[in-house]
Amino acid sequence: MVDIATRVYNHKWKIDPIVRSLIDTDFYKLLMCQSVFRNKPDTTVTFSLINRSKSVRLAELIDEGELREQLDHVRSLSLSRGESTWLRGNTFYGKRQMFRPDFMEWFEQMRLPDYHLEKRDGQYELTFEGSWPEVMLWEIPALAVLMELRGRAVLNTMAKFELQVLYARAMTKLWEKVEALRSVENLRIADFGTRRRHSYLWQDWCVQAMMEGLGDKFVGTSNCRIAMQHDIEAIGTNAHELPMVYSALAESDEALAQAPYQVLADWRDEHDGMLRVILPDTYGTQGFLDRAPEWLNEWTGIRIDSGDPATGAENAIRWWKSRGEDPRKKLVIFSDGLDVEKIRELNTQFQGRVRVSFGWGTLLTNDFRGLVPGDALAPFSMVCKAVKANGRPTVKLSDNPNKAMGPEEEIARYKRVFQVGDQTAQDVFV
């Protein structure tokens, strides 16, 4: 077991780089990348870092030179032979050769493109522009770098024994959560915490704690490198990025209204089984379900990632029943702002009514709340999103209007096209 406190105390980033591999990323990024490589390879996309927690002034906490060194290191990475073999030959969701030979040949030669970095009003403006299959792979490492550098800025002020005590307390806090989840019947839970983790070493420790503490109730991790290292399932399907970019490329309101379904039609051609999970909230869940084509009825399940999770699950159950489907055979994946009490509550409420699963993110891999003065290690809300596609702005509405993004006039247009009614604003924690 790695002595994290000692490693942190002796931190030299060339020994412990923040991002260690191109597969130190979420599994769904690679699944989506293959789909984009096949269907939209010539699309030019711009990704941008968005810090929703304006009180966390990253440009005043993180040294620009150190940030550039870490980003440049990420650009130097390429697939190792072992990583390529794992992706080419491993079984994912019961399917061998999930990644096609043409995609793997491209990925083995790929290096991440350049970035643009500026400081403005106490924040970093970090953007990536280029071909969609390449640029999209910046999202997870960019977030991981910024998150960990912010943490290191705090940890660098701490002495050796302070660090030992800090990590002992954090480990105890996490282990108590694991113990609390042991008694949850029929629990299925995965690590979804890569993008806002405290550090790579800490995420790896959290996964090992879940493996030992929860046994079969822990079903895997979204992090490909950690999954490979520990020979566990890599978990993931797709994200809001696909409908956001497809929608930006639409040439008319009619094409815009169909864009989210075209995403899933392309996904259907690519995958089957457990990967047929709908993420319906990009432009409002209820409208998406009301207008969904019949062929989506038979899909495996729905991931709920914004708004009130219980409301989202009830809506899904009603929708399946209205389409003549048995909800008890369907899967609901909860993945937004979860912690132990919410997991227990939702599992109790929906057990036996649907198949329930949880993707536990930030409060698994980055819950240092209350452990240092001023709560300087508390997690905060930061995303890296596609903001343009072929020069056109992207839009995300979500079921929580506080997560909406895009130019005001485009948001208004999307609300009209997707018939988005009144929404209830909720605090964005992560």
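Scope of this entry: the structure provided in the associated data block. (Residues numbered from 1 in each chain as written. Predicted model: local features only at pLDDT ≥ 70, side-chain atom pairs only at ≥ 80, totals over all residues. Heavy atoms only, no water.)

What follows concerns empty space enclosed by the protein. Summary: where empty space remains is shown by rolling a probe the size of a single water molecule over the atoms. Scanning all chains against the criterion turns up six cavities of 30 Å³ or more. The computed volume of the largest cavity comes to approximately 520 Å³. Lining the largest cavity are 34 residues, with Arg195, Arg196, Arg303, Asp305 and Ser335 positioned closest to its centre. Within the residue set of the lining of the largest cavity, elements represented by two or more residues are α2 (27-39), β11 (355-360), α17 (362-365) and β12 (382-389). When residues in the lining of the largest cavity are grouped by element, the largest group, four residues, is from β12. Taken together, the residues of the lining of the largest cavity break down into 13 nonpolar, eight polar and 13 charged. (1 Å grid on protein atoms, 1.4 Å probe; cavity = no way out; pocket = protein on both sides within 12 Å on 5 of 7 lines; lining within 4 Å. Points joined across faces, edges and corners; volume = space filled by probe spheres on them. Helix = DSSP H or I, 4+ residues; strand = E, 2+ residues; numbered from the N terminus. Nonpolar A, V, L, I, M, F, W, Y, C, P; charged D, E, K, R; others polar.)

Below, the discussion takes up the packing of helix α13 (residues 253-270) against helix α18 (residues 408-417). For any two helices packed against each other, one specifies the inter-axial angle together with the distance between the axes. Close contact between α13 and α18 brings their axes to 10 Å; oriented N to C, the two are set at 75 degrees. In terms of orientation, α13 lies roughly perpendicular with respect to α18. Facing α13, whose interface residues are Asp253, Leu256 and Ala257, α18 presents Arg413, Tyr414, Arg416 and Val417. Tallied by class, the residues present in the contact of α13 with α18 amount to four nonpolar, no polar and three charged. (Axes fitted to C-alpha atoms, helices over the stretch in contact; angles between N-to-C directions. Parallel < 35°, antiparallel > 145°, perpendicular 65-115°, else oblique. Contact = heavy atoms within 4.5 Å.)

Moving on: the packing of helix α15 (residues 309-322) against helix α16 (residues 340-350). It is at 11 Å that the axes of α15 and α16 come closest, and there the two elements cross at 25 degrees. Accordingly, the angle class assigned to the pair α15 and α16 is roughly parallel. The interaxial crossing formed by α15 with α16 has right-handed handedness. Mapping the contact onto sequence places Pro309, Ala310, Ala313, Glu314 and Ile317 in α15 and Lys342, Leu346, Gln349 and Phe350 in α16. In terms of residue class, the contact of α15 with α16 is built from six nonpolar, one polar and two charged. (Left-handed = near helix turned anticlockwise from the far one by under 90°.)

Using the criterion set out here, one finds zero disulfides in the structure. Left unpaired, Cys224 is separated from the closest cysteine sulfur, that of Cys33, by 11 Å. By relative accessible area, Cys224 is classed as buried at 0%. Take Cys384: it sits in no disulfide, and the sulfur closest to it among the cysteines is that of Cys33, at 14 Å. (Disulfide = S-S within 2.5 Å. Buried < 20%, exposed > 50% of the residue type's maximum accessible area, 1.4 Å probe, protein only.)

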